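Structural overview
Below, each chain spelled out in residue letters.
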Amino acid sequence: MAANATTMRDALYEAPGPKTRRKMLLGTVVSLAAVVAFLAWVVYRFWVKGQLSYRYWELFSWRSTWIYLGRGLLGTFEVALTAGAIAIVLGLALMLGRTSASKPLQAACAVLTNFLRGVPSLLFIYGFFFVVPTLGVKMSSFWMLIIPIALAASGVLAEVFRAGVNAVPRGQTEAGLSIGLSPWKVKTKIVLPQAIRFVVPSLISQLVVVVKDTALAYVVTFPDLMQNAQVLRTNYDALVSTYLVVAVIYILINYLINKAAVYVSRRTGAKIIR
């Protein structure tokens, strides 16, 4: 192992030599040239097909367009924050069950966690949209969107919480038990506070996935950013311009969320668990 290694990569691999660095530089230049050429070709095809015509972009110079998209963005935030809060509670409950002393409860929570992690959010949404009403259960499109997204995210968050619990030194649990605390009090008073501190950056980062899942609102016709964008696209026949602008908005939102996660990670010293 290298004496001055600061990361696992430094410990396992030597620094590249002059020949390797030249190859890396050449590969970078070629890759960038290929990306630029591809983007230029895409723009050219848009121009040939008339998609760069002013009439497709004019609507974004109107105040009413941005007000309409802003309302959809508020709907996106409402769904994302509500689903995220529910997912945190469900994920924490699944983690507590999976790390409990009861073997049957551990097995049940493990199966449920893996099921929620493995099923796509879209399939959950279709289930709530088509199956649940046949059972006589009526709910608004808001909850038809929130509950499936929360269920899908809770499975991932359960594993994030479990990773945080496993990151707490075993000695903390043994010390709590040695002074007469019950296993439940050790977990809730000693382990969980530390585990949650470890995983806060990862919880923020996971919000990116929740925000992207809200784009599936078109299935239940909930007026979020994507649904409102589809209305604009239909009314003005502006396919490329509308979806390109909305894509940029989603990218900016998720970029800011990732930056927030990195900031919290640096402030707390906790790593982002993915």
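Points about the side chain of Thr76
- Within the secondary structure, Thr76 is located in helix 4 (residues 63–98).
- Residue classification places Thr76 among the buried residues on the basis of a relative accessible area of 0%.
- Of note is the side chain of Thr76, whose polar atom sits 3.1 Å from the backbone nitrogen of Leu225.
- Apart from residues lying up to four places away in sequence, Thr76 is in contact with Val211, Thr214, Asp224, Leu225 and Tyr250.

What to know about the pattern of salt bridges
- Tallied over the entire structure, the rule returns four salt bridges.
- The partner of Glu159 in a salt bridge is Arg162, and the shortest N-O contact between them spans 2.9 Å. Placement of the pair is Glu159 and Arg162 together in helix 7 (residues 141–167), with a separation of three residues, close to one helical turn.
- The salt bridge involving Glu174 is made with Arg170; its shortest N-O contact spans 3.9 Å. Residue Glu174 and its partner Arg170 are both found in helix 8 (residues 170–178); the two are separated by four residues, about one turn of the helix.
- Each of Arg98, Arg117, Glu159 and Arg162 takes part in one network of salt bridges that share partners.

Section: the packing of helix 4 against helix 5 (residues 103–118)
- At their nearest, the axes of helix 4 and helix 5 sit 7 Å apart, and the two run at 140 degrees to each other. Regarding the angle of helix 4 to helix 5, the classification is oblique. At the point where helix 4 passes helix 5, the crossing takes the left-handed sense. Listed contacts from helix 5 to Leu94, Gly97 and Arg98 of helix 4 are Leu105, Gln106, Cys109, Ala110, Leu112, Thr113, Asn114 and Leu116.
- Looking at the contact of helix 4 with helix 5 residue by residue, the class counts come to six nonpolar, four polar and one charged.

Some points on the packing of aromatic side chains
- Under the defined criterion, the tally for this structure stands at nine aromatic pairs.
- Here the aromatic rings of Tyr44 and Trp47 are separated by 6.2 Å at their centres, their planes lie at 35 degrees, and the arrangement is tilted. With Tyr44 and Trp47 both in helix 2 (residues 18–48) and three residues apart, this pair spans about one turn of that helix.
- A relative accessible area of 45% means that Tyr44 is categorised as partly exposed.
- Through pairs of rings, three or more aromatic residues link up here, namely Tyr126, Phe129 and Phe130.

Reading guide: rules and limits
Residues numbered from 1 in each chain as written. Predicted model: local features only at pLDDT ≥ 70, side-chain atom pairs only at ≥ 80, totals over all residues. Heavy atoms only, no water. Helix = DSSP H or I, 4+ residues; strand = E, 2+ residues; numbered from the N terminus. Buried < 20%, exposed > 50% of the residue type's maximum accessible area, 1.4 Å probe, protein only. Polar contact = N/O pair within 3.5 Å; in protein donor to acceptor, adjacent residues only side chain to side chain. Contact = heavy atoms within 4.5 Å. Salt bridge = Lys/Arg side-chain N within 4 Å of Asp/Glu carboxyl O. Axes fitted to C-alpha atoms, helices over the stretch in contact; angles between N-to-C directions. Parallel < 35°, antiparallel > 145°, perpendicular 65-115°, else oblique. Left-handed = near helix turned anticlockwise from the far one by under 90°. Nonpolar A, V, L, I, M, F, W, Y, C, P; charged D, E, K, R; others polar. Phe/Tyr/Trp six-rings, centres within 6.5 Å; stacked < 30°, edge-to-face > 60°.

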